[in-house]
Amino acid sequence: MTDNHDRGLQYDLATLLGRRRALTLFGGAGLTLVACAPSTTTTTSSPTTSTSAAARGVALEAIPEETAGPYPGDGSNGPNALTQSGIVRSDIRSSFGSSTRTAEGVPLTIELTVRHEDGTPYPGAAVYLWHCDINGDYSMYSDRVKDENFLRGVQETDASGRLKFVSVFPGAYSGRWPHVHFEVYPSLSEATGAGNKITTSQLALPESTCKEVYGTTGYTQSVRTMSRSSLQQDMVFRDGVDQQMATMSGSVSAGYTASLTFAVQG
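Along each chain, the written sequence defines residue order, and numbers are assigned to residues from 1. Predicted model: local features are reported for residues with pLDDT of at least 70 only, side-chain atom pairs are reported and counted for 80 or more only, and whole-chain, interface and lining totals are derived from all residues. No hydrogens and no water enter the side-chain calculation; it runs on all heavy atoms of the structure.

Take the confidence of the model for the chain next. Looking at the chain as a whole, its pLDDT mean stands at 85, while 79% of the residues score no less than 70. Every residue is assigned a pLDDT by the predictor, reflecting its confidence on a scale from 0 to 100. Only heavy atoms matter for contacts: two residues are in contact if any of them lie within 4.5 Å across the pair. Low confidence marks residues 1–55, where pLDDT is under 50. Its contacts with residues over four positions away, or in another chain, come to 75 contacts.

We now examine the pairing of strand E6 (residues 199–204). Whether a residue is buried, partly exposed or exposed follows from its accessible area with a 1.4 Å probe, protein chains only, as a fraction of its type maximum: under 20%, in between, or over 50%, in that order. Starting at the N terminus, helices and strands are each numbered in turn, a helix being any DSSP run of H or I of at least four residues and a strand any DSSP run of E of at least two. Judged by how many residues are buried, E6 sits mostly within the fold: six of six residues are covered. Here E6 shows a buried face lined by Thr-199, Ser-201 and Leu-203 and a second buried face lined by Thr-200, Gln-202 and Ala-204. Here strand E5 (residues 179–185) runs beside E6; their pairing, made up of six bridges, is antiparallel. Within E6, the position partnered with Phe-182 by the bridge is Ser-201. Any two strands with at least two DSSP bridges between them are considered paired.

This part is about the nonpolar core. Residues Leu-112, Phe-169, Phe-182, Leu-203 and Phe-262 are the most contacted members of the largest nonpolar core, which totals 39 residues. Elements represented by at least two residues in this core include exactly strand E1 (107–116), strand E2 (126–130), strand E4 (162–168), E5, E6, helix H4 (207–213) and strand E8 (255–264). Residue contributions to this core peak at five residues, all from E8. When near neighbours in sequence (up to four residues on either side) are disregarded, Phe-169 contacts Val-106, Leu-108, Leu-205, Thr-209, Cys-210, Val-213, Tyr-214, Tyr-219 and Met-248. Residues belong to one nonpolar core when they are buried, are Ala, Val, Leu, Ile, Met, Phe, Trp, Tyr or Cys, and are joined through side-chain atoms within 4.5 Å.

Following this line, the structure appears as structure tokens:
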């Protein structure tokens, strides 16, 4: 069998577009099927309200620009996951390529809705998302997981500007409030390196949910770390978190869903 890994983003795009054309022949549902994995949780967001606002063209403030941090994996600081075949995916729990190790932790679905500043959906944008594992380590960088590339992935927004990632709840590490990183690119074909991105920002996770998750097996270190952290002291979120705080639903047993709707410039 031919090994299809590590052929780069262009190979992924060709495969992805080929599948879309095939799906279009069977009813035109290809874009939705490729962009979004099936949901097993219930979100607390209100699609009716947001869709109505978009239709009226209600202006939105662009999400704050934030640091990508020292472990972006976008070619700006060492390795570039964006050029690896397999990075375009919804389920980011496992590594791809030479390793198939799966990250442990409480299930977390991350649902993002991307809009223009005029409130209309941003279809066809690409979001690269990444975060640390249960121990606070970042794949491709931290010693314990340097040879892994799990908890990183790229998805394209659908006609409503929506996309979804399936992951695990990140741990807390010293100096930072629990969070998820993401970069937005104009299109999937341009999501190959940091130089093409529209914006970089971060999603904050609510304290109440973090405490629930960190009370489960495997997150003991996060309990101690978070007890010494606060949003008011966090280097990224201390200037305000209203546009970056996720809306949460779910439970430890069923898994959680973190939802965020935000606007980007352009």
